[in-house]
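Structural features, examined
Chain by chain, the residues run as shown.
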Amino acid sequence: MDTDLYDEFGNYIGPELDSDEDDDELGRETKDLDEMDDDDDDDDVGDHDDDHPGMEVVLHEDKKYYPTAEEVYGPEVETIVQEEDTQPLTEPIIKPVKTKKFTLMEQTLPVTVYEMDFLADLMDNSELIRNVTLCGHLHHGKTCFVDCLIEQTHPEIRKRYDQDRGVGIKSTPVTVVLPDTKGKSYLFNIMDTPGHVNFSDEVTAGLRISDGVVLFIDAAEGVMLNTERLIKHAVQERLAVTVCINKIDRLILELKLPPTDAYYKLRHIVDEVNGLISMYSTDENLILSPLLGNVCFSSSQYSICFTLGSFAKIYADTFGDINYQEFAKRLWGDIYFNPKTRKFTKKAPTSSSQRSFVEFILEPLYKILAQVVGDVDTSLPRTLDELGIHLTKEELKLNIRPLLRLVCKKFFGEFTGFVDMCVQHIPSPKVGAKPKIEHTYTGGVDSDLGEAMSDCDPDGPLMCHTTKMYSTDDGVQFHAFGRVLSGTIHAGQPVKVLGENYTLEDEEDSQICTVGRLWISVARYHIEVNRVPAGNWVLIEGVDQPIVKTATITEPRGNEEAQIFRPLKFNTTSVIKIAVEPVNPSELPKMLDGLRKVNKSYPSLTTKVEESGEHVILGTGELYLDCVMHDLRKMYSEIDIKVADPVVTFCETVVETSSLKCFAETPNKKNKITMIAEPLEKGLAEDIENEVVQITWNRKKLGEFFQTKYDWDLLAARSIWAFGPDATGPNILVDDTLPSEVDKALLGSVKDSIVQGFQWGTREGPLCDELIRNVKFKILDAVVAQEPLHRGGGQIIPTARRVVYSAFLMATPRLMEPYYFVEVQAPADCVSAVYTVLARRRGHVTQDAPIPGSPLYTIKAFIPAIDSFGFETDLRTHTQGQAFSLSVFHHWQIVPGDPLDKSIVIRPLEPQPAPHLAREFMIKTRRRKGLSEDVSISKFFDDPMLLELAKQDVVLNYPM
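Next up on the list: the sheet that holds strand β15 (residues 518-522). With antiparallel pairing, 8 strands are arranged side by side in an open sheet as β14-β13-β19-β10-β11-β18-β15-β16. Each end of this open sheet is capped by a strand with a single partner; those strands are β14 (510-514) and β16 (525-529). Adjacent strand axes in the sheet meet at a mean angle of 40°, parallel and antiparallel pairs treated alike. Pairing of strand β10 (residues 463-471) with strand β11 (residues 478-486), which is carried by 8 bridges, proceeds in the antiparallel orientation.

This is the structure in structure tokens:
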């Protein structure tokens, strides 16, 4: 190797080498480097620059390793550069747009047996409309029945009979045109409601806009827990009641009862319903009987539906020349047909004679079912020929159930009996408007507006009452659903939406909105219309923003005297609470938005923020809150949400009269109020809550009620100041001062402030910030300042509240917890297991009895709501899934033990013995709400009161 050819760094410095291009380039590069190192004069570099472009000195930050995005993709393409790639590989950089779709909707209008224009024209004639709610116990066949009606009116929609029905959660409005027995068409607005007791708020929303109910009762199960509650609810809402005894095929195919026993079973159901109606209703004429036509029989699964009238019409059509209405009057009860004389008699002509209902209705029904189930191949074709039913060979080869359905469908035809029943016994919107307005409207019926609504006048001022909110497919917006009571609502018109807190004095809760589109809702599709006249149901777009639960929609101007319809009154109470928070705290706004939406979606749901900042959801039961949380997580917020263990709301009460007169002075020492507290009479709290007695009555009427029913003396009865914490609150404030001792005029001037303090106090009791219940507070003495300046609300209200608290704490305070009524259905061998499960949860059985005509037992029991979590699951595990239970709030009961007993030590993670429960509940509720560990009485007593206590030498076992 020749050393002269290389410098000390090993770079070649010899003569040019003739070689291939690569080496040449390499050589050039080394030369270039060399020159840079040696830092030759610039001219030289410049020469190189000319020869070989791209060899200039490039600073580090100006170096360009890759072409820019613009060069690669062209100038019009938007490119995104992420600084630091924190995104996992599993996620796409640009996500595809996900369309949320939570409801199954038909995109186009399906084929119907009537023209849509005909339906729209019927809307103008309010006498041909019926607004009906279908309600009944869980799984008594309401939705299945609606499916039959849909199938009857939509020839292309075929119901899949093998599909298992789940449980309804929302009420679904369906509007169809149905013919009666004479072929006259009526427009039916039907609300299909859930049968589970947890969702009875949905039924309430449906009842409010209906004129009558059809109560569905399973022929085999009979009157169940929710059947009974719904009868009471419908009667309270002053609606017409009709009954449909469904699933009659079960008597035949499942229980295999002989026809006479089936008649007894059906009669027993009708009698039981009548017994319940007479118990809840004051109206003597409200009686249900197949003879009156307000009871129909059906089996949704086999497309059977008839009343006595429609069955008699089948006879008339077959044999002709029968007056079917007269015939129908002889088809129920102890009445027999004598074939010799061809007359109906009250006495059985022979010992083996059957009642007419059995002979003319049940036996033919049994025969048809027996022929199809038994002799498909041999005698069925002949029987069908006699009945005039023609089936193809393929149809005869069907399985038993579809064949039975087909035969019954051809024999009974359309559900005209059901239509007859509704048309005759449920008033049209025109007839039903007046009682509806009287019951639900807060304003008077005598005004022009009241009369327009009572006449159901489509040309009057617009009044529309919405009771439900349905979310759109994607869960972003809501459509309000309600009933137009007067006037006509047009698409695109401006309207004024009055919320539940609107009054003529305080008009804050009202907003002008513009109506978007209007629809008639038919379960899975909507019919868009441009106007909806009075008497109809309507789905309204564009007014959802101000509405929370219910609303009143009226003219934007000119209808100033319009008042609101009263908020819904539910027949259950929401007592179960869960606290929710987002897993990721930054997503709190998303969760709050979701809470607002579920609040609109569920009629009786309550959401509130505790003072400790936790968000609480109140619902009627576990299943209910489960559905709420599903909607919150999946539909409305799409974030992870943590849920605290469920707890219940408590109430606070007293069991004795205050041990001494409690007084408090206002901060300026110029006023002094003295009160005592004592428990209310039994049953009075419930009367106030159920509005049996109302504070708005005049003094005389109110006084009479308390004197006659609860033996109050005249003075006390006439001086009731208020109920609390609101107009239907279960506490009473009584002015028990004597005119000789107290200046009544001065006391009257601060009455409003004292009432406000009393209502504030009863809304948040001293034990654990829960409602006070069942307490009567008596004002015994009051010293009120002469100058109005010294007796302002700021002085009186907090003082009144403090006296309420101290009087309450001196009267042996106790905690109350909600109790559930549980109805369990179980086979006989599981009954003992049910007892065991209940006993473990502080429950007790009140009744167990076999259900007549079936192998099951019904067990009725009470269980504390706080111990009911997981009860259903527990019950199923212990009975191998054979027991089925439903529980619903029933009453409040005092928790055993003294909540203020200091000697009780609560040991963590141990179940407490019964006498310690009240203390445990109180302390844990206080902790959860972020209050101080214990109630200190001195907080509510001022110094003069404490001195008074010392003087009277009252031994307090409470901490000072």
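This paragraph deals with the packing of aromatic side chains. For any two aromatic rings, the description comes down to two numbers: the centre-to-centre distance and the angle of the planes. Tallying each qualifying case throughout the model produces 41 aromatic pairs. Ring centres of Tyr6 and Tyr12 lie 5.6 Å apart, and the angle between their planes is 65°; on these two criteria the pair is classed as edge-to-face. Pairing Phe337 with Phe360 gives two aromatic rings, centres 5.4 Å apart and planes at 70°, and the pair type is edge-to-face. Highlighted residues: Phe337 in strand β8 (residues 336-338) and Phe360 in helix α12 (residues 356-374), separated in sequence by 23 residues. For the residue pair Phe337 and Phe360, the accessibility class agrees, reading buried in each case. Sitting over the face of the ring of Trp697, Lys701 holds its NZ or CZ atom 4.3 Å from the ring centroid.

On the surface, Tyr6, Tyr12 and Leu17 cluster together into a nonpolar patch covering about 280 Å² of accessible area. Looking at Tyr6, the relative accessible area reads 32%, which means it is partly exposed.

For the pair helix α10 (residues 308-319) and α12, the least separation of the axes is 12 Å and the interaxial angle reads 80°. As summarised for this structure, α10 and α12 are arranged roughly perpendicular, according to the angle between their axes. When α10 is examined against α12, the residues Leu308, Phe311 and Tyr315 are found in contact with a partner set consisting of Phe357, Phe360, Ile361 and Pro364. Of the residues that constitute the contact of α10 with α12, the class distribution is 7 nonpolar, no polar and no charged.

Turning our attention to the packing of helix α25 (residues 751-763) against helix α26 (residues 793-809). Contact geometry of α25 with α26 gives a least axis separation of 7 Å together with a crossing angle of 45°. On the basis of the axis angle, α25 is oblique to α26. For the crossing formed where α25 meets α26, the hand is right-handed. In contact with Ser753, Ile754, Gln756, Gly757, Phe758, Trp760 and Gly761 of α25, α26 contributes Gly793, Ile796, Ile797, Pro798, Ala800, Arg801, Val804 and Tyr805. Each residue belonging to the contact of α25 with α26 can be placed in one class, and the counts come to 9 nonpolar, 5 polar and 1 charged.

Moving on, we get to the environment of Gly443. Here Gly443 shows up in the loop between α17 (429-440) and α18 (448-454). Relative accessible area serves as the criterion here: at 14%, Gly443 is assigned to the buried category. Residues Gly443 and Leu592 lie 149 residues apart in sequence; the distance between their C-alpha atoms is 35 Å.

Hydrogen bonds between backbone atoms are what pair the strands of a sheet, whose relative direction is either parallel or antiparallel. Judged by pairing direction, the sheet is mixed, and its 7 strands sit side by side in the order β2-β3-β1-β4-β5-β6-β7 without closing on themselves. Edge positions in the sheet fall to β2 (172-179) and β7 (304-306), since each has one partner strand and no second. If you compare each strand with its neighbour and ignore which way they point, the axes differ by 25° on average. Bridge count between strand β1 (residues 129-136) and strand β4 (residues 212-218): 5 bridges; the pairing is parallel. For Cys135, the partnering residue across the bridge sits in β4 and is Leu215. In the packing of helix α16 (residues 416-425) onto the sheet, the strands contacted are β1, β2, β3 (185-192), β4, β5 (240-246), β6 (295-299) and β7, and the crossing angle to β3 comes to about 90°.

Right, let's get into the nonpolar core. Phe188, Val214, Phe418, Val543, Ile617, Ile754 and Phe777 are the most contacted members of the largest nonpolar core, which has 155 residues in total. Residues in contact with Phe188, not counting those within four places in the same chain, are Arg130, Val132, Val174, Thr175, Val176, Leu178, Phe418, Val419, Cys422 and Val423. Core analysis: the next-biggest nonpolar cluster, separate from the first, contains 67 residues, Leu266, Val295, Phe337 and Leu365 among them.

Moving on: the environment of Lys549. The residue Lys549 is located in the loop between β18 (537-540) and β19 (551-554) in this model. Apart from the residues lying within four places of it in its own chain, the contact partners of Lys549 are Thr466, Thr467, Met469, Glu500, Asn599, Tyr602, Pro603, Ser604 and Leu605. Side-chain polar atoms of Lys549 contact the side chain of Asn599, separated by 2.8 Å. A polar atom in the side chain of Lys549 sits 2.7 Å from the backbone oxygen of Leu605.

Moving on to α25. A rise of 1.5 Å per residue sets the reference length of α25, with its 13 residues, at 18 Å; its end C-alpha atoms lie 18 Å apart and thus fit the reference within 8%. All buried positions along α25 are accounted for by Ser753, Ile754, Val755, Gly757, Phe758, Gln759, Gly761 and Thr762.

As a further point, take the pattern of salt bridges. Taken as a whole and judged by the stated rule, the model has 41 salt bridges. The salt bridge involving Glu686 is made with Arg773; its shortest N-O contact spans 3.3 Å. Taken as a pair, Glu686 in helix α21 (residues 684-689) and Arg773 in the loop between β30 (771-772) and β31 (775-783) lie far apart in primary sequence, 87 residues in all. Residue Arg773 is classed as buried on the basis of its relative accessible area, which comes to 4%.

Definitions and cut-offs
- Residues numbered from 1 in each chain as written.
- Predicted model: local features only at pLDDT ≥ 70, side-chain atom pairs only at ≥ 80, totals over all residues.
- Heavy atoms only, no water.
- Pairing = 2+ DSSP bridges.
- Helix = DSSP H or I, 4+ residues; strand = E, 2+ residues; numbered from the N terminus.
- Axes fitted to C-alpha atoms, helices over the stretch in contact; angles between N-to-C directions.
- Phe/Tyr/Trp six-rings, centres within 6.5 Å; stacked < 30°, edge-to-face > 60°.
- Buried < 20%, exposed > 50% of the residue type's maximum accessible area, 1.4 Å probe, protein only.
- Lys NZ or Arg CZ within 6 Å of the ring centre and 35° of its normal.
- Patch = residues over 30% accessible without salt bridge, like charges linked within 9 Å, V, L, I, M, F, W, Y side chains within 5 Å.
- Areas by Shrake-Rupley, 256 points an atom, 1.4 Å probe, with all protein chains shown as cover.
- Salt bridge = Lys/Arg side-chain N within 4 Å of Asp/Glu carboxyl O.
- Parallel < 35°, antiparallel > 145°, perpendicular 65-115°, else oblique.
- Contact = heavy atoms within 4.5 Å.
- Nonpolar A, V, L, I, M, F, W, Y, C, P; charged D, E, K, R; others polar.
- Left-handed = near helix turned anticlockwise from the far one by under 90°.
- Core = buried A, V, L, I, M, F, W, Y, C linked by side-chain atoms within 4.5 Å.
- Polar contact = N/O pair within 3.5 Å; in protein donor to acceptor, adjacent residues only side chain to side chain.
- Expected span 1.5 Å × (residues − 1).

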